[in-house]
Structure formats: structure tokens, C-alpha cells
Amino acid sequence: MTLQPAISHERCSELLVPLVRGDLAPAETASVEGHLEGCTGCAGELAAVRSLLGAPVEAMDDLERARLRAGIAGGLRHEVPVADPYVHPDPDDAPRNLRRASRRRIQPGAWLGVAAATLILFAGALAYLGSGGLVVGGSDQGGGAGTAGSAEERALEDGDTGSRAPRAMDEAPDSRPLRAPAPLVVRGRTELTEKTLTRLGRTGPTFRAFARVYGSDDVGRLQGRFTRALERGLDNALLGPCLNQAIGAQPESLPAYGALGTLDGRRVLVLGFFIPGSQGPAVHRFSVRWWGLRGPGEPARCPQPLGSSGGPIGAGESR
Amino acid sequence: MAGETTDEELLEGWLQGRQDSFSELVRRHEDRIFALALRMTGNRSDALDATQDTFLIAARRASTWRGEASFGTWLYRIGINASHDLLRKKKGWETLEADPAEAAPAAAPAHGFDEGIALRVDLARALASLPPLYREAVVMHDLGDLPYDAIARLTGVGIGTIKSRISRGRRRLAELLEQPSSPGPSKDR
């Protein structure tokens, strides 16, 4: 007779799903079964797992199915598939403003709009393909053209990338875009001033979009992803070290904005951060820092920033 | 066409702007995603919402599918996330106490007896009666095949807590399944 090694409740619990699916090696199966013989708690767990894995799938009825398909068709009016990953956070990040649409969802009788939605979608897809544009970086404002207060701000928000949300999305009559806002990347020849950067943080569309959607509970989840988005978008050796410096100084910062431009005649790297208030949207803040760019071959160590600005988003200003 | 076209080809069609391709993906996967969402949320209305979210997120993120897993697996993960997100904002989510009235399951069959239907209804009722945090962890792990660390990241708690929720949730589920069923009215249909 061979004695099977005793296993803990925790280990037994871990192995129940593979046991029911027949994925365990014979020795492991014997160990688990040995434990189950003397453990009513784990035997109960096994019964639950068997019920879960063995139960038939619940089906939708015809009405539910019709409502679901109509809701999806309606939602697809706002969706244009794009190839740039960093304007689209992962599924677990996105639904917050999708939820706004979700509240409009699946109305009885929504089928009436399905045919129209289909036509609009095809027209939108054609317009999108005709525009030849993919979004390079952007907020949920679709690039923000026409929303910033000055030519500089428009240039900052648009960048020199020609970045625009797909035209079909911009022109839809009730087109609140469903994308969660992502960091805006601006590359190139943009002329910057400290005043412009402060105004950008205080009233610019990107920061306002962040303030509408994100809160302090999002920071840990999104910080790494948005950092990588900026790194991909700007591709500058100083970016990573300077992001680390800024986030190290203010850990609750969420990267929202990155730019390469010129300030006072000097090439600079600018990073903007959304800092969610712990007491609600009224105290959301921004922080913008900028660093002088060095020549090629210089060590990629982040220097002290040349300057910074910050304050509440939406009102007030501070240096 | 549909029988010969793979999910991956349909996804490519959607990326090229063909809505009918995405509609076919919906038809293929809607029942499976709905069943997952129903088990996670405990009621059919929320399950429909979560299913819709799942497909709209998939439409938006179609270009990010890299093929490491099958489209169905990828979609299933999105379904778990969408259901979790929907649950997270529901009132009373922070408490471990389930509200039996809120969690009323689908109606029991009115006549006849089918063992499969009975098991399905009993399981639906038992799942709906589980505290939401337990139900979510059990469904994510046992049905969604999510590993402990992925569930921990998604829910923002430690792996030990997740293991505990799964273990307690299963034991509670087993107790509920042993109780005699008493069909009650559904408030959700």
C-alpha cells in the first residue's frame, strides 16, 4: 500500500477544478481524494465545483436576445476600430464612460434604430477610411480642436501629429465618444510658454477629460499603462527616468500629457500629470513639469526640472 | 459564409469596417458570455448589460487582440472584467451581506420536470444568494479560469483573500444547493 502525502485544505481547494475536469496526474488525484475522505468542508467545495461546471448554460429568451443585439448595434454607431493601442486602455479600464452609454442601452423598441444605425455605421466607416487617419494620441475630446482657448492651446492639444478622432465620431450628432481618455502625446515643433502650459492643465480638454472620468482609485491601476503609453508615443530616452522622478515625488500622479517642444528657445520634454483629489472632483489637480533635452549620447539620467506648474483643474492657478 | 469563417477572420472583417462580421461574432458568442455574466451578476438585467458592454469593448479593442489566446478566451476575459465593473458600482457592493430580494434569481419552470433545468435553476438561485464578493471570486476562478493572482489584481485585494473568498463561497454554495428549492417570483424579468 502506498501512502499519499497529506495536502492542506488550501492546496486541496486549488486542485478541485482540475480534479473535476480530469486534468490531475494520478498521484495528485489520489492526494486530493485522500484529503476529501476526511474533510467535509473540502468535500462541500467539491460538490459546488461539480455543480458549477456541470450545470447547463442559461440561455437568453428571444426578447432578451433582440434587445441585446439592438443595444450592441446602437453602441457600434460610436465605435470605429482603430489600430493604435495606447488610445484604448484595457477592458477593465474603459467602461467608465462606456457606462454612460450603458444607461441608454437596450430600450424596448430599440430595433427601430437598428437599420438606421447600420447605415450610419457603414457611412462612418467609409468616412473613416477616407480620412486615412488613425488617432495617434488623444483625450476623449477627439483631439480637442476648437475647445482650447488659444492658438497655442489648440496646437498643444492637437500636436503636430495631425491627430484627430475619426471623422465619423466627431460628426455624429450625439457623439459622446465612448473611449476612456488616454494620455495625449504631442511631438515636434510646438512652441511652448509657461503660461500656456499652466492654462493647458487648468482648462485644457485632456485634463478636464481626466477629471471627469478618473479618480484616486484608478491611479494604481492605470499608472503603469499610461506611463508605457507615453513612452511609446514619445520615444525619448529621458522620458522614462523623468516619469519616474515625477511619480516618485508625487506617487498619486497619473500621466496625462507628454510633449516634446521648445520653451524659451530650448528643447524641452514636458510631462503633465492628473492628480485626483481624495475628496472628489472639486479638488482634482494637475501638475506640469518640463526638463531640458540633452544632445545625443548624453546619459539618460533625468536632471532637475527647468520648471513646473500646477493647480486645480477647472479653476484657479498656482506656481 | 458564417460556418466557414473563423472568429479571427470575422474580427479582421470588423477591423476593415464590416459590421456584419462583428454581428456574426455576437451571434456566435452571445449565449456563452450571457451565461457567464448571469452567473457573475446574479440577475438577467445586469447580465444583459454586462454582455452588451463586453461586445462593445471587444469592438473597440479588436485591434489589440494578438492571438495568444483564442478569440473566445479573449472575449471571456473581457466578459469577466465587464461583469466585475458593473458589479463594483452597484449599491451595497462593499458589504458581504447579500440582499435576497435584490438577488432574486430567474423564475423556476412552471411545469414539468427536467433534471437539467432543475439543476440550472437551483444553481442560479444559489449563486444569486451568495454574497457578491464570494460569487464573483468563485465564478471568475471556477468558470472563468482566471488564476488567483489575476483575480487579486482585478479586485484589488490579496491572493490570500481571494483564496478565502473562493473557498467560503463554494462551501456556502454547496449548503445552498442542498437546501430544498422553493420557486419564488422573479423581480427581474
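Residues numbered from 1 in each chain as written. Chains lettered and ligands numbered in written order. Predicted model: local features only at pLDDT ≥ 70, side-chain atom pairs only at ≥ 80, totals over all residues. Heavy atoms only, no water.

What follows concerns the overall build of chain A. Counting its secondary structure elements, chain A contains 13 helices and 5 strands. Pairs at least 24 apart in sequence give 71% of the contacts found in chain A among residues at least 6 apart. Of the roughly 14,200 Å² of accessible surface on chain A, 53% is carried by carbon and sulfur atoms. (Helix = DSSP H or I, 4+ residues; strand = E, 2+ residues; numbered from the N terminus. Contact = heavy atoms within 4.5 Å. Areas by Shrake-Rupley, 256 points an atom, 1.4 Å probe, with all protein chains shown as cover.)

Another aspect to go through is the overall build of chain B. Within chain B, the secondary structure is distributed over 8 helices and 0 strands. Beginning at the N terminus, the succession of helices and strands in chain B can be written as α-α-α-α-α-α-α-α. The burial tally for chain B puts 56% of its 189 residues in the buried class. A fraction of 64% describes how many contacts in chain B between residues 6 or more apart in sequence connect residues 24 or more apart. If you sum the accessible surface of chain B, you get close to 8,200 Å²; carbon and sulfur atoms cover 50% of it. (Buried < 20%, exposed > 50% of the residue type's maximum accessible area, 1.4 Å probe, protein only.)

Residue and element names in this part refer to chain A. If you walk through the whole model with that rule in mind, you get 1 disulfide over all chains. With its sulfur 2.2 Å from that of its partner, Cys242 forms a disulfide with Cys302. Disulfide Cys242 to Cys302: torsion about the S-S bond roughly 105°, handedness right-handed. Of this pair, Cys242 sits in helix α13 (residues 239-249) while Cys302 sits in the loop between β4 (285-292) and β5 (307-312), and the two are 60 residues apart along the sequence. There is no split in this pair, since Cys242 and Cys302 are both buried. Distance from the sulfur of Cys12, which forms no disulfide, to the nearest cysteine sulfur (Cys42) is 4.0 Å. (Disulfide = S-S within 2.5 Å.)

Note on strand geometry: in a regular strand, side chains alternate between the two faces of the sheet. Residues and elements named next belong to chain A. Most of strand β2 (residues 254-263) sits inside the fold, with 10 of its 10 residues counted as buried. Relative to strand β3 (residues 266-275), β2 runs antiparallel, the two sharing 9 bridges. Of the residues in β3, the one forming a bridge with Leu263 is Arg266. Connecting β2 to the next strand, β3, in antiparallel fashion are 2 residues, including Asp264 with a positive phi near 55°. (Pairing = 2+ DSSP bridges.)

Inspection of every chain in the model, using the stated rule, returns 9 aromatic pairs over all chains. Chaining the aromatic ring pairs together yields one cluster made of Phe210(A), Tyr214(A), Phe226(A) and Phe274(A). A cation over a ring is seen here: Lys163(B) above Tyr148(B), with NZ or CZ 5.2 Å from the ring centre. (Phe/Tyr/Trp six-rings, centres within 6.5 Å; stacked < 30°, edge-to-face > 60°. Lys NZ or Arg CZ within 6 Å of the ring centre and 35° of its normal.)

Turning to helix α4 (residues 40-54) of chain A, a few remarks are in order. When the terminal C-alpha atoms of α4(A) are compared, their 21 Å separation across 15 residues agrees well with the 21 Å that a helix rising 1.5 Å per residue should span. Turning to α4(A), its buried residues are Gly41(A), Cys42(A), Gly44(A), Glu45(A), Leu46(A), Ala48(A), Val49(A), Ser51(A) and Leu52(A). (Expected span 1.5 Å × (residues − 1).)

Looking now at the packing of helix α7 (residues 148-155) of chain B against helix α8 (residues 159-178) of chain B. All names here are of chain B. Two elements in contact, α7 and α8, have axes separated by 9 Å at closest approach and are oriented at 105°. In terms of axis orientation, α7 runs roughly perpendicular to α8. Judged by residue contacts, Tyr148, Asp149, Ile151, Ala152 and Thr155 of α7 engage Ile159, Ile162, Lys163 and Ile166 from α8. Classifying every residue of the contact of α7 with α8 gives 6 nonpolar, 1 polar and 2 charged. (Axes fitted to C-alpha atoms, helices over the stretch in contact; angles between N-to-C directions. Parallel < 35°, antiparallel > 145°, perpendicular 65-115°, else oblique. Nonpolar A, V, L, I, M, F, W, Y, C, P; charged D, E, K, R; others polar.)

Turning our attention to the confidence of the model for chain B. Residues and elements named next belong to chain B. On average, residues of chain B score 76 in pLDDT, and 76% of them reach the 70 mark or higher. Per-element averaging of pLDDT across chain B places helix α5 (residues 115-129) at the bottom with 65 and α8 at the top with 92. A low-confidence stretch, residues 91-118 (pLDDT under 50), is modelled with 38 contacts involving residues beyond four sequence positions or located in other chains. Across residues 182-189, confidence stays below pLDDT 50; counting only partners more than four residues off in sequence or on other chains, it has 16 contacts. (pLDDT = per-residue confidence, 0-100.)

On to the confidence of the model for chain A, then. All names here are of chain A. Residues at a pLDDT of 70 or more form 60% of chain A, whose mean pLDDT is 68. Taking the mean pLDDT of every element in chain A, the minimum, 26, falls on helix α9 (residues 167-171) and the maximum, 92, on helix α1 (residues 9-14). Contacts from residues 81-178, a stretch scored under 50 in pLDDT, to residues over four places away or in other chains number 205 contacts.

Attention now goes to unusual backbone geometry. A positive phi angle is found at Asp264(A), which is not glycine, with a value near 55°. When you line up the elements, Asp264(A) lands in the loop between β2 and β3. With relative accessibility at 70%, the residue Asp264(A) sits in the exposed group. The backbone of Asp145(B) shows a phi angle near 60°, a positive value even though the residue is not glycine. Mapping Asp145(B) onto the fold places it in the loop between α6 (132-143) and α7. Judged by relative accessible area, which is 42%, Asp145(B) ranks as partly exposed.

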